[in-house]
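Okay, here's what each chain looks like letter by letter:
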Amino acid sequence: MIFTALLLLAVAALAMRQFGGADEDRKGGAGSVETPEGGGVMVPGTSESDPARLVYTMPPLGAIRGIDVQAVAGAWEKRWKVALKKNAETHEQSTIVDYPAGGGRLHLVITTTVDGAEAESVRCILEHGTKKVDRKLLDGVVNDCLAPALEQSERAEVGTWLNAQDYKATTDFQTRKKSMPRFDLTVDVMAGSLRAGVVGRP
C-alpha cells in the first residue's frame, strides 16, 4: 500500500514537471508552443481530455511569381465542370474528379498565401492504380491539371522531366525535384499513385 502511494506521488510529480510549474518557464509560459527536435511542434493541452500533442508541420513556402490563382481555379472549374472547395485553414482550393484516362481519380490542389492572392503550390495527385505510367498519361496530367500554372515555354521541359522519372511500383514514398527559374518541379511516387506539382521556394 505504501509502495502504491509512493508510485502515485512519483507519477504526479512527473506530470507537474511536464505540464506545469518550472517547466512553463522553459516553454515560455502556459499556452506556449515548444519546438522539439525533428521539426515537430508540441501543442500544449487544455485539459485531461485534451492532452499535449506533437504536430508535424511543413516548412512555409514562398509565392510563385506569375501564377494567377483565379485563372488556375477558373480553368479547372471550366475543364472539369466543378466548383473548387475552399479551405480557409489550409489556404487550399481543391477538387477530386474521376479520371478514366489516368486509370482512377485526379486530385487538383492549389495552395495560396494567407491572403489568397498568390499561389505557393499547384499539385496534381493521380491515383492510377495498376495503369502503366507512360508519356501519354503524364502529358495528360500536365495538360489537364498543371497547364494553367505554367508558362508556354515551361510545358515541354516539365513534360520531358516528368517522363524521365522512374515510376516503377514501390512501397516506399519517393520524392524527386528539379529546380526551375520560377519554382521547384516535384514528383512524389508511390505504388499506385503519383503527385506532380510546382512548388514555391521559401
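Everything quoted here is computed from the prediction, not taken from an experiment.

Conventions we followed
- Residues numbered from 1 in each chain as written.
- Predicted model: local features only at pLDDT ≥ 70, side-chain atom pairs only at ≥ 80, totals over all residues.
- Heavy atoms only, no water.
- Helix = DSSP H or I, 4+ residues; strand = E, 2+ residues; numbered from the N terminus.
- Buried < 20%, exposed > 50% of the residue type's maximum accessible area, 1.4 Å probe, protein only.
- Contact = heavy atoms within 4.5 Å.
- Areas by Shrake-Rupley, 256 points an atom, 1.4 Å probe, with all protein chains shown as cover.
- Polar contact = N/O pair within 3.5 Å; in protein donor to acceptor, adjacent residues only side chain to side chain.
- Pairing = 2+ DSSP bridges.
- Core = buried A, V, L, I, M, F, W, Y, C linked by side-chain atoms within 4.5 Å.
- Phe/Tyr/Trp six-rings, centres within 6.5 Å; stacked < 30°, edge-to-face > 60°.
- Lys NZ or Arg CZ within 6 Å of the ring centre and 35° of its normal.

J.: Quick rundown of the overall build of the protein? Include the residues and the values.
T.: Within the protein, the secondary structure is distributed over 5 helices and 9 strands. Starting at the N terminus and walking to the C terminus, you meet the elements of the protein as α-α-β-β-α-β-β-β-β-α-α-β-β-β. Every one of the 202 residues in the protein was classed for burial, and the buried ones make up 35%. Look at the contacts in the protein between residues 6 or more apart in sequence, and 41% of them connect residues 24 or more apart. When the accessible surface of the protein is summed, it comes to about 12,500 Å², and 56% of that surface belongs to carbon and sulfur atoms.

J.: Lay out the side chain of H107 with the relevant residues and their values.
T.: Residue placement: H107 occurs in strand β5 (residues 104-112). In this structure H107 comes out as buried when scored by relative accessible area, which is 17%. Here E127 takes part through its side chain, which lies 2.7 Å from a polar atom of the side chain of H107. H107 has contacts with T95, I96, R123, C124, I125 and E127, leaving out every residue within four places of it along the chain.

J.: Kindly report on the environment of P148, identifying the contributing residues and their values.
T.: As for its position among the elements, P148 is in the loop between α4 (135-146) and α5 (152-163). Along the chain, P148 and A73 lie 75 residues apart, while their C-alpha atoms are 8.6 Å from each other. Among residues more than four places away in sequence, those in contact with P148 are V72, A75 and W76.

J.: Summarise α4; cite the residues concerned and give the values.
T.: Within α4, the full set of buried residues consists of L137, L138, G140, V141, V142, D144, C145 and L146. On its buried face, α4 sits against α3 (69-80), β4 (92-99), β5, β6 (119-127), α5 and β9 (193-199).

J.: If you had to explain the pairing of strand β7 (residues 174-179) to someone new, which residues and values would you point to?
T.: Sheet analysis places β7 next to strand β8 (residues 184-190), joined by 6 bridges and oriented antiparallel. Opposite T175, over in β8, you have D188 as the bridge partner. Counting the residues between successive antiparallel strands, the hairpin from β7 to β8 contains 4 residues.

J.: Any chance you could break down the nonpolar core for me, citing the residues and the numbers?
T.: Grouped together as the largest cluster of nonpolar side chains are 38 residues, with contacts concentrated most on W76, L106 and V198. Mapped onto this core, the elements with two or more residues apiece are α3, β4, β5, β6, α4, α5, β8 and β9. Of all the elements, α4 adds the most residues to this core, at 6 residues. Setting aside anything within four residues of it in sequence, one finds L106 in contact with W80, T95, I96, V97, Y99, C124, I125, L126 and C145.

J.: Describe the packing of aromatic side chains, naming the residues involved and giving the relevant values.
T.: Two aromatic rings are characterised by how far apart their centres lie and by the angle between their planes. Summed over all chains, the structure comprises 1 aromatic pair. Geometrically, the ring pair formed by W80 and Y99 is edge-to-face, given 5.8 Å between the ring centres and 70° between the ring planes. Placement of W80 in helix α3 and of Y99 in strand β4 is noted, with a sequence separation of 19 residues between them. With respect to class, W80 is no different from Y99; both count as buried. Across from the ring centre of W80, 3.9 Å away, lies the NZ or CZ of R79, which sits over that ring.

J.: I'd love a proper account of unusual backbone geometry, names of residues and values included.
T.: Phi at K81 takes a positive value of approximately 55°, unusual for a residue other than glycine. For K81, a relative accessible area of 72% puts it in the exposed group. Residue H91 is not a glycine yet carries a positive backbone phi of 60°. Structurally, H91 is set in the loop between β3 (85-87) and β4. A residue is classified by how much of its surface remains accessible, and H91, at 26% relative accessible area, is partly exposed.

Read these as spatial facts, not as claims about activity.
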